[in-house]
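Survey of secondary and tertiary structure
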Amino acid sequence: MSRVLVWLITATSFIALSLAPAQSEPKYAIAMQGEPALPPDYTHFSYVNPDAPKGGSITYCVVGSFDNLNPFILKSLRTTARGMMDTIFGNLVFEPLMQRNYDEPFSLYGLLADSADMDSERKSIEFHLNPSAKWSDGEPVTPEDVLFTYDVLTAKGRPPYSARMSMIAKLEKTGDHSVRFTFNDKANREFPLIIALTPIIPKHAFAKETFDKTTLKPLIGSGPYTVDKVQPGQRIVFKRNPDYWGKDLPSKRGFDNYDQITIEYFLNANAKTEAFKKGICAIDDETDPVKRERDIDFPAFRKGDVKAENFDTGIPPVVTGFLFNTRLPKFSNPVVRRALGMLYDFEWANKNLFDGKYTRTMSYWQNSELSALGHPASDREKALLAPYPGRVPADVMDGTYQPPVTDGSGNDRKVLRAAFDLLKSIGYHVQDGTMLDPQGKPFGFEIIAASQDEERLATIYQRTLQKIGINVTIRSLDGDQIQSRKQRLDFEMLFGSSGFNNSLSPGSEQVGRWSSSEAMREGTFNLAGVADPAIDAAIDAMLNARTKEDYVAAVRVLDRLLISGNYIVPMQYNTQQWLAYWNYLEHPRKTPIFGYQLPSWWRKPN
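For the structure given in this document, a descriptive report is provided here.

About the criteria used
Residues numbered from 1 in each chain as written. Predicted model: local features only at pLDDT ≥ 70, side-chain atom pairs only at ≥ 80, totals over all residues. Heavy atoms only, no water. Core = buried A, V, L, I, M, F, W, Y, C linked by side-chain atoms within 4.5 Å. Buried < 20%, exposed > 50% of the residue type's maximum accessible area, 1.4 Å probe, protein only. Helix = DSSP H or I, 4+ residues; strand = E, 2+ residues; numbered from the N terminus. Pairing = 2+ DSSP bridges. Axes fitted to C-alpha atoms, helices over the stretch in contact; angles between N-to-C directions. Parallel < 35°, antiparallel > 145°, perpendicular 65-115°, else oblique. Left-handed = near helix turned anticlockwise from the far one by under 90°. Contact = heavy atoms within 4.5 Å. Nonpolar A, V, L, I, M, F, W, Y, C, P; charged D, E, K, R; others polar.

1. With respect to the nonpolar core
- Grouped together as the largest cluster of nonpolar side chains are 39 residues, with contacts concentrated most on Trp514, Ile535, Leu561 and Leu562.
- Elements supplying a minimum of two residues to this core: strand 14 (319–324), strand 20 (493–500), helix 15 (533–543) and helix 16 (548–565).
- In terms of residues, this core owes the most to one element, helix 16, which gives nine residues.

Structure (structure tokens):
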């Protein structure tokens, strides 16, 4: 071989290596922005009691029903048993590669993978599995399980899991305990963290051919609990796995403190509340301050057997309200939605129903630096919005926006007139006391409610709308019926009492809620049917931001577009989390920024 040829090969190899993304050393933790807060030798998360006593049992209560234990399939998506993989009660059966620290915006620490090796450009990530990781039947967790997870979820899984391989160029086993993901151009900078949070499924315990069938058979996972008993639609019981492989990991110390966890199902919220009073349910998380003050006045509370406590959080409040189905022609015009949004009388409701304890919701990231409120659009934001002129009103651009403020009388003619004039400007008019659309057809719609409390708020809204000739009906459905309607997108207006939980690190979940690609898909979480290129672009900018300044700008643009689109009639919030619980329970002293974490609680020893 000539010297020239050797030189060319060497030089080409050097250039290729120079252009390749720099691969860092494997890390015990990764963060979306900056560096993880905890050091490599951390012993536990800050919001747990690492020496919490183990033992006893707890019963959680929920409204609804269940007919399936597999949380990864589309069928029975909204009626899968709680607890199998659960952001509230904990990932009892299935676990991800890394564990989230809920006292940081978005940082992950070792779990099934004890370390991760992510290149500086986030074009690939290699996970090093903990050699001690085992499934509940004693089999080891292997790279083959990771590969199977993505194979079966792509072929048979539900969104968002089914779409994740579309952003992966190569998935390969790189060692006895390691696996590498290489991403394609569709992936964003958050995607490696989403991969780290994806639960892993045991290859030996599932058949790909039947994976998408519902099942009530207890499933094998790697988590701290196994399914003990199942009464379909009524009750599921989990028991602690005494051989749980991860109980001594720093990311798991202080968690999973009960020997048995039961989740009971109830037909409605009132039945659940009564069960709490009888001692069946360990906790009550009622959000209505007036209702909870009324309901908490029962003998066990007066005796001190039940406690009520407020927990402060550091995240934006949950956004609740009346959600428009914008797929329908009647709600396709944002001017119509804006006019209807003006007619929720928050001031009257807050005074007469909530004893003045609530604040009006105006932003999807209210009370944080990510909110558009109080922040005039920066040059970065204006550049992102430049291809979409006129999409954001001036008051939303300069940060001064707020919904109309009524006099609290329940009959503020000034606000009624403003909403009526807005509808009139696009061809609506009243004839014989009935609002008619531009085609001369009566304009009205149905609101779906799931409880008496939702009915009460819907009735207030209905009463105001009727004053300008809009006929509104209210239909009360049970939990299963509402979930079925959501799955089929079969509704006009939905009472979104569960709301949109937002964090200080919004990411890929915003794709599911607001992106055009999700608007028409059955089972989508984009219930409003939002399909807006400007919103798609804002989400893309957010997910690919390299600096904090770019990230904040992108989220504020998304906030401005969501406010301007009027996809929901926003209601009210209280920044504190309220919880009533029987006094046999105890919790850590510190509350993380995401609020109380039930998996860190424990039962007091006898």
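2. Digging into the pairing of strand 8 (residues 178–183)
- Relative to strand 8, strand 6 (residues 124–129) is paired through five bridges, and the arrangement is antiparallel. Bridging from a neighbouring strand, His128 pairs with Ser178 of strand 8.
- Strand direction decides the pairing type here: strand 7 (residues 168–175) and strand 8, joined by six bridges, are antiparallel. When the sheet's bridge partners are listed, Glu172 is paired in strand 8 with Arg180.
- If you look at the hairpin formed by strand 7 and strand 8, you'll find two residues sitting between the two strands.

3. Topic: the sheet that holds strand 3 (residues 98–100)
- Across the sheet, which stays open at both edges, the three strands sit in the order 1-4-3 with antiparallel pairing between neighbours. If you trace the sheet from one side to the other, it starts and ends with strand 1 (29–31) and strand 3, each paired once. Ignoring strand direction, the axes of neighbouring strands in this sheet form an average angle of 25°.
- In terms of strand pairing, strand 3 meets strand 4 (residues 107–110) through three bridges, oriented antiparallel. Paired with Arg100 across the two strands is Leu108, which belongs to strand 4.

4. Some words on the packing of helix 7 (residues 334–341) against helix 11 (residues 413–424)
- Contact geometry of helix 7 with helix 11 gives a least axis separation of 9 Å together with a crossing angle of 170°. By the angle between their axes, helix 7 is roughly antiparallel relative to helix 11. Where helix 7 crosses over helix 11, the two elements pack in a sense that is left-handed. Of helix 11, the residues touching helix 7 (which contributes Val335, Val336, Arg338 and Ala339) are Ala419, Leu422 and Leu423.
- Residues that form the contact of helix 7 with helix 11 fall into these classes: six nonpolar, no polar and one charged.

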